[in-house]
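Below are the chains, spelled out letter by letter.
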Amino acid sequence: MKILVINGPNLNMLGKREPGIYGRESYADLVEFIQRTAREEGLEAECFQSNHEGALVDRIQEALGVFDGIVINPGAYTHTSIALLDAVKAVNIPTVEVHISDVTKREEFRQVSYIRQACVKTYMGLGFEGYRQGMLYLKEHCGAGKPRAGD
Ligand code: DQA
């Protein structure tokens, strides 16, 4: 099973960025964690990060026919982007939403998630572990032969 792990804006700043909220580990550490998880679980994972909304839309579109599942942390685009929601709906690939922090305990403007409508599951407030949970969920519930959300 091939899983695409997408991280949106400012997640390349992990480790430097508000460590009290996002921790002290870097984006490179996150990629290593995801690749280790993939090896342990017999999955194939590819990581992609961009600060640009259109680049994220392009990457989701390119996943069609290539990836079996997507784990996405859209960063601040979670709260603003209908384009990312539409992209996930368009490809109809099972997608899990992940946030490092628990957004439900943060500012009012973080309480909206557009992408959530198109996602089969959300994990938040678990740090890097949320990405592992997302990958495991896709493996267990959305592997070969399992029905897709939009079917
Ligand atoms: C985030 C939460 C978002 O509100 C924020 O804009 C981010 C990161 C998280 O992983 O906790 O950039 O998605």
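It should be emphasised that the depicted structure is a prediction, and the values quoted were computed from it without experimental measurement. (Residues numbered from 1 in each chain as written. Predicted model: local features only at pLDDT ≥ 70, side-chain atom pairs only at ≥ 80, totals over all residues. Heavy atoms only, no water.)

## Points about the overall build of the protein chain
Phase 1 of the analysis: Looking only at helices and strands, one finds five helices and five strands in the protein chain.
Phase 2 of the analysis: Along its sequence from the N terminus, the protein chain presents helices and strands in the succession β-α-α-β-α-β-α-β-β-α.
Phase 3 of the analysis: On C-alpha atoms alone, the protein chain measures out to a radius of gyration of 14 Å, which is about the 15 Å that the 2.2 N^0.38 rule sets for 151 residues.
Phase 4 of the analysis: With the C-alpha coordinates aligned to their principal axes, the bounding extent of the protein chain is approximately 40 × 35 × 25 Å.
Phase 5 of the analysis: Counting contacts in the protein chain only where the partners sit at least 6 residues apart, residues at least 24 apart contribute 74% of the total.
Phase 6 of the analysis: A total of about 7400 Å² of accessible surface is found on the protein chain, and carbon and sulfur atoms cover 48% of it.
Phase 7 of the analysis: Put simply, the protein chain has 17 plus and 20 minus side-chain charges, and the middle of one group is 3 Å from the middle of the other. (Helix = DSSP H or I, 4+ residues; strand = E, 2+ residues; numbered from the N terminus. Rg over C-alpha atoms; globule rule 2.2 N^0.38 Å. Contact = heavy atoms within 4.5 Å. Areas by Shrake-Rupley, 256 points an atom, 1.4 Å probe, with all protein chains shown as cover. Lys, Arg positive; Asp, Glu negative; His and termini not counted. Charge placed at Lys NZ, Arg CZ, Asp CG, Glu CD.)

## Digging into the site of the ligand
Phase 1 of the analysis: Around the ligand sit R17, Y22, N73, G75, A76, H79, H99, I100, S101, V103 and R110, and those are all the residues in its vicinity.
Phase 2 of the analysis: Interatomic distance of 2.8 Å between a side-chain N/O atom of N73 and an oxygen atom of the ligand.
Phase 3 of the analysis: Between the ligand and the protein, one listed contact pairs an oxygen atom with a backbone N or O atom of I100 at 2.8 Å.
Phase 4 of the analysis: Classifying every residue of the shell around the ligand by side-chain character gives four nonpolar, five polar and two charged. (Near = heavy atom within 4 Å. Polar contact = N/O pair within 3.5 Å; in protein donor to acceptor, adjacent residues only side chain to side chain. Nonpolar A, V, L, I, M, F, W, Y, C, P; charged D, E, K, R; others polar.)

## Overview of helix α2 (residues 27–41)
Phase 1 of the analysis: Given a rise of 1.5 Å per residue, 15 residues ought to cover 21 Å, and the 21 Å separating the end C-alpha atoms of α2 matches this to within 8%.
Phase 2 of the analysis: Every buried residue of α2 is listed here: Y27, L30, F33, I34, T37 and A38. Around the axis of α2, the buried residues are gathered within 135° of arc, so they sit on the same side. Opposite the buried face of α2, at more than 90 degrees from it, the exposed residues are A28, E32, R39 and E40.
Phase 3 of the analysis: Summarising the contacts, the buried residues of α2 are in contact with β1 (2–7), β2 (44–49) and α5 (129–141).
Phase 4 of the analysis: Positive phi appears at G42, one or two residues downstream of α2, with a value of about 70°. (Expected span 1.5 Å × (residues − 1). Buried < 20%, exposed > 50% of the residue type's maximum accessible area, 1.4 Å probe, protein only. Arc of directions from axis to C-beta.)

## Some thoughts on the pairing of β1
Phase 1 of the analysis: Burial analysis of β1 places five of its six residues in the buried class, the great majority of the element.
Phase 2 of the analysis: One ladder, built from six bridges, connects β1 with β2; its direction is parallel. Along β2, the bridge assignment pairs I3 with A45.
Phase 3 of the analysis: Where β1 and strand β3 (residues 69–73) come together, five bridges link them in parallel fashion. Each residue of the ladder has a partner; that of V5, found in β3, is V71. (Pairing = 2+ DSSP bridges.)

## Focus on unusual backbone geometry
Phase 1 of the analysis: Even without glycine at this site, N10 takes up a positive phi of about 75°.
Phase 2 of the analysis: Note that N10 resides in the loop between β1 and α1 (19–22).

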